[in-house]
Amino acid sequence: MNQVLMKIPYYPGCTLNTVAKQFDSSARDSALAVGFEMAELKQWNCCGATFPLAPDNLMGLTAPAKVLSGARKVGDTLTTLCSVCYNVLKRTNSVIRESKEKRGVVNGFIEEEYDGSLSVLHYLEVLRDRVGFDKVKGAVKRPLKGIKAGAYYGCMLLRPFEDVGIDNAERPTIFEDLLKALGAEPVEFPNRIECCGAHLAMNDEEVVTRLSGAVIDSAAGMGAELVVTSCPLCQYNLEKSRGAGSSNGVPVIYFTQALGLALGQDIETLGFEKNATDVMPLLKKKGIA
């Protein structure tokens, strides 16, 4: 009997459609392997990439609101992978749901009648809450046995907690729980919830190098042989800053690449060649590739 797949509307965002295609493709294939389909929205636009910090900047909510409105027409849940997109969409959804006045203005701008009733879930939440990590563990065909992996949350998955937090803001475990299910050995490190420097990469590389370099050094200092991310911008900053410390040989990969690897996907399809540091020597050393 064919497996009935759970179908969830999916917002890829700009980066996963361009320079982070390996993040997108490994996630789609992995989803099918654990029982759900990511149904990409037929029409979508950039989320804006930054949640407006000025309370009266309602124009800054129009781009993500348009995405949310479109998603609500095809379902009651929307999932995404990029931490920044997730942060912007979920916070915008909260504003629209909680403020009748702002909802009216934003809807006027986008010419829609959206009420904030969509449930915005990060892919990690879908795995934990809709699929279940036990089911993920049961689908593992190539355990990541022996790999000491550091899960890097950054700030966008966790803060502000009242609007976004997918887990405990100070001591999250969702990422580590997934790594355990995949057979890896999670390594907690002090800088795992610190900012990588984010958009400062465009105008102050020195700050980004210092912050991201500290993240990699922190992970390597606790024994991590691999760092796993959920954000293309974090991925870029961490990879570019590896030379700042003694940890410049530590590969940085997307969590969906680790997931696809453990689920038995063809290694050639996981896009590891697009990552800045070759992870293959580590995989061969551990007998995984």
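These numbers were taken from a predicted model, which means no experiment stands behind them.

Caption draft 1: Broad picture of the overall build of the protein. Per the secondary structure count, the protein includes eleven helices and eight strands. Relative to the globule expectation of 19 Å for 289 residues, the C-alpha radius of gyration of the protein, 19 Å, shows essentially globular dimensions. Its C-alpha atoms put the protein at 60 × 55 × 30 Å along the principal axes. A burial count over the protein gives 54% of its 289 residues as buried. Across the protein, the fraction of contacts at a sequence separation of at least 24, relative to all contacts at a separation of at least 6, is 76%. When the accessible surface of the protein is totalled, it reaches about 12,900 Å², and 51% of it is carbon and sulfur. Here the protein holds 32 positive side-chain charges and 34 negative ones, and the gap between their average locations is 4 Å.

Caption draft 2: Region of the structure containing the layout of surface pockets. The volume enclosed by the largest pocket comes to roughly 390 Å³. If you go around the largest pocket, you meet 23 residues; those closest to its centre are Thr 15, Val 19, Ala 20, Pro 232 and Leu 233. Secondary-structure elements contributing two or more residues to the lining of the largest pocket are α3 (83-98) and α9 (232-240). Residues of the lining of the largest pocket, tallied by class, amount to 15 nonpolar, six polar and two charged. Taken as a whole, the second largest pocket holds about 320 Å³ of empty space.

Caption draft 3: Up close: the sheet that holds strand β8 (residues 252-254). Pairing within the open sheet is parallel, and its four strands lie in the order β6-β5-β7-β8. Taken across any chain shown, the strands that pair with only one partner, and hence form the sheet edges, are β6 (185-186) and β8. Bridge count for strand β7 (residues 226-229) against β8 is three bridges, and the pairing is parallel. Its bridge partner being in β8, Thr 229 is matched across the sheet by Tyr 254. Sitting on the sheet, helix α7 (residues 174-181) touches β5 (148-151), β6 and β7, and the angle it makes with β5 is about 155°. Set on the sheet, α9 makes contact with β7 and β8; between it and β8 the angle comes to about 170°.

Caption draft 4: The pattern of salt bridges, seen in detail. In this structure the tally under the stated criterion is twelve salt bridges. Measuring nitrogen to oxygen at the nearest pair gives 3.3 Å for the salt bridge that ties Arg 97 to Glu 98. Residue Glu 273 is joined to Lys 274 by a salt bridge in which the shortest nitrogen-to-oxygen separation is 3.4 Å. Neither Glu 273 nor Lys 274 differs from the other in exposure class; each is exposed. What emerges from the salt-bridge pattern is a single network uniting Arg 171, Glu 176, Glu 188 and Arg 192.

Caption draft 5: A look at the sheet that holds strand β4 (residues 119-122). Taken together, four strands build an open sheet; the order of strands is β2-β1-β3-β4 and the sheet is parallel. Here the strands that pair on one side only, and so sit at the sheet edges, are β2 (36-40) and β4. Looking at each pair of strands side by side, their axes are set apart by 40° on average, direction ignored. Two elements, strand β1 (residues 6-11) and strand β3 (residues 77-80), share two bridges in a ladder whose sense is parallel.

Cut-offs used in this document
- Residues numbered from 1 in each chain as written.
- Predicted model: local features only at pLDDT ≥ 70, side-chain atom pairs only at ≥ 80, totals over all residues.
- Heavy atoms only, no water.
- Helix = DSSP H or I, 4+ residues; strand = E, 2+ residues; numbered from the N terminus.
- Rg over C-alpha atoms; globule rule 2.2 N^0.38 Å.
- Buried < 20%, exposed > 50% of the residue type's maximum accessible area, 1.4 Å probe, protein only.
- Contact = heavy atoms within 4.5 Å.
- Areas by Shrake-Rupley, 256 points an atom, 1.4 Å probe, with all protein chains shown as cover.
- Lys, Arg positive; Asp, Glu negative; His and termini not counted.
- Charge placed at Lys NZ, Arg CZ, Asp CG, Glu CD.
- 1 Å grid on protein atoms, 1.4 Å probe; cavity = no way out; pocket = protein on both sides within 12 Å on 5 of 7 lines; lining within 4 Å.
- Points joined across faces, edges and corners; volume = space filled by probe spheres on them.
- Nonpolar A, V, L, I, M, F, W, Y, C, P; charged D, E, K, R; others polar.
- Pairing = 2+ DSSP bridges.
- Axes fitted to C-alpha atoms, helices over the stretch in contact; angles between N-to-C directions.
- Salt bridge = Lys/Arg side-chain N within 4 Å of Asp/Glu carboxyl O.

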